[in-house]
Amino acid sequence: MQTVLFHSTIFGPVKSRRLGVSLGINLMANDGKLCSFDCLYCEAGYNAQGPGTTGVPSRRQVAHRLETRLRAMADAGEQLDVITFSGNGEPTLHPEFAGIVDDVLRLRNHFFPQAKVSVLSNATMAHRPAVARALRKVDNNILKLDSAVPATMRALNRPAATGVQPEGIIATLSAFTGQCIVQTLLTRGTTPDGKRVDNTTDAEIEALIDAYRQIRPRDIQLYTIDRPTPCATLEKIPDDELDRIRHRVAAALNP
Ligand code: SF4
């Protein structure tokens, strides 16, 4: 299993397919993973590796580490398009997430006012008022919805809590009244316990279109796997198929 953990709170900058030159913020431990999902495709690996030993960084540590890095980048005349919360798990699980967002926005405004702040989240905590308020403050509130079919979400995203269902996630995303970007990773393969999983079928795409209609997001990002995944049977969806699905979704939402 070739997956990658980020071994620092601030990582990069990396060139992101979707976001440009991106400096990452990892709010989880540097030597483990903590997430409310356990996606078959997670680049950080499965949750079974454990949450690590270093603990999560405090709000003060995150602000200090980010300020140090941004100051060095600004002094060196480097470019920065976006500061992205991602890393070794779900950033909104951090108990000081809302305060950290405020710090990051303040530091962004000071050092790189033109850079965007993005959060990549699985939306499982986004129904909490403090988390939702913080997500509304960032430029790109990017929330995951891989399937609107309960069995597929359970097989692909493997939520830790049994109560997490597409219906609830769709309601949470809808509550942002368009102030969100939905990201959907398309793939197919066989789960570790031998079940077929495929979120590219006609029925899956139709269910997603219904969900997108309900959510009315600012944008929808449809993409596929690009790097090694913990579940080795997962397929990268070919470009032409991905384009067909994108056109189908666009035509359905903008007839
Ligand atoms: S939600 Fe993100 S961090 Fe969590 S398991 Fe899925 S891909 Fe990994």
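For the structure, check the block above.
Residues numbered from 1 in each chain as written. Predicted model: local features only at pLDDT ≥ 70, side-chain atom pairs only at ≥ 80, totals over all residues.

### Regarding the sheet that holds strand β5 (residues 140-144)
Within the open sheet, the seven strands sit side by side as β1-β2-β3-β4-β5-β6-β9. Their pairing is mixed. Each edge of the sheet is formed by a strand with only one pairing partner; in this case those strands are β1 (10-16) and β9 (219-224). On average, each strand axis in the sheet is inclined to that of its neighbour by 25 degrees, with strand direction left out of account. In the packing of helix α7 (residues 239-253) onto the sheet, the strands contacted are β6 (181-186) and β9, and the crossing angle to β9 comes to about 160 degrees. (Pairing = 2+ DSSP bridges. Helix = DSSP H or I, 4+ residues; strand = E, 2+ residues; numbered from the N terminus. Axes fitted to C-alpha atoms, helices over the stretch in contact; angles between N-to-C directions. Contact = placed C-beta atoms within 7 Å.)

### Considering the pairing of strand β3 (residues 82-86)
The element β3 is extensively covered by neighbouring structure, given that five of its five residues are classed as buried. Residues of β3 alternate between two faces, with Val82, Thr84 and Ser86 on one and Ile83 and Phe85 on the opposite face, all of them buried. Between strand β2 (residues 20-26) and its parallel partner β3, the chain crosses via helix α1 (residues 59-75), and the hand of that crossover is right-handed. Sheet analysis places β3 next to strand β4 (residues 116-121), joined by four bridges and oriented parallel. Bridged to threonine 84 within β4 is serine 118. Traced from β3 through helix α2 (residues 97-111) to β4, the parallel crossover comes out right-handed. (Buried ≥ 20, exposed ≤ 12 C-beta atoms within 10 Å, placed from the backbone. Right-handed = clockwise from strand over helix to strand, strands pointing away.)

### Let's talk about helix α3 (residues 129-137)
Each turn of an α-helix holds 3.6 residues, which means side chains three or four residues apart point in the same direction. Residues of α3 that are buried include every one of Val131, Ala134 and Leu135, and no others. End-on, the buried residues of α3 take up no more than an arc of 100 degrees, which puts them together on one face. More than 90 degrees from the buried face of α3, the exposed residues found are Pro129 and Arg133. Buried residues along α3 sit in contact with α2, β4 and β5. (Arc of directions from axis to C-beta.)

### Things to note about the nonpolar core
Ile25, Leu143, Leu145, Leu173 and Val182 are the most contacted members of the largest nonpolar core, which has 61 residues in total. Counting residues per element, this core draws most heavily on helix α6 (residues 202-215), which supplies five residues. Ignoring any residue separated from it by four or fewer positions in sequence, one finds leucine 173 in contact with Ala123, Leu143, Leu145, Cys180, Val182, Ile215 and Pro217. (Core = buried A, V, L, I, M, F, W, Y, C linked by C-beta atoms within 7 Å.)

### Section: unusual backbone geometry
Geometrically, the link from glycine 12 to proline 13 is a cis peptide bond, its omega value of 10 degrees lying close to zero. Position of proline 13 relative to the elements: it lies in strand β1. We note that alanine 123 has phi near 75 degrees; this positive angle belongs to a residue other than glycine. Relative to the elements of secondary structure, alanine 123 occurs in the loop between β4 and α3. Since 28 C-beta atoms lie within 10 Å of it, alanine 123 is described here as buried. Phi is positive for arginine 158, close to 50 degrees, though the residue is something other than glycine. You can call arginine 158 partly exposed: it has 18 C-beta atoms within 10 Å.

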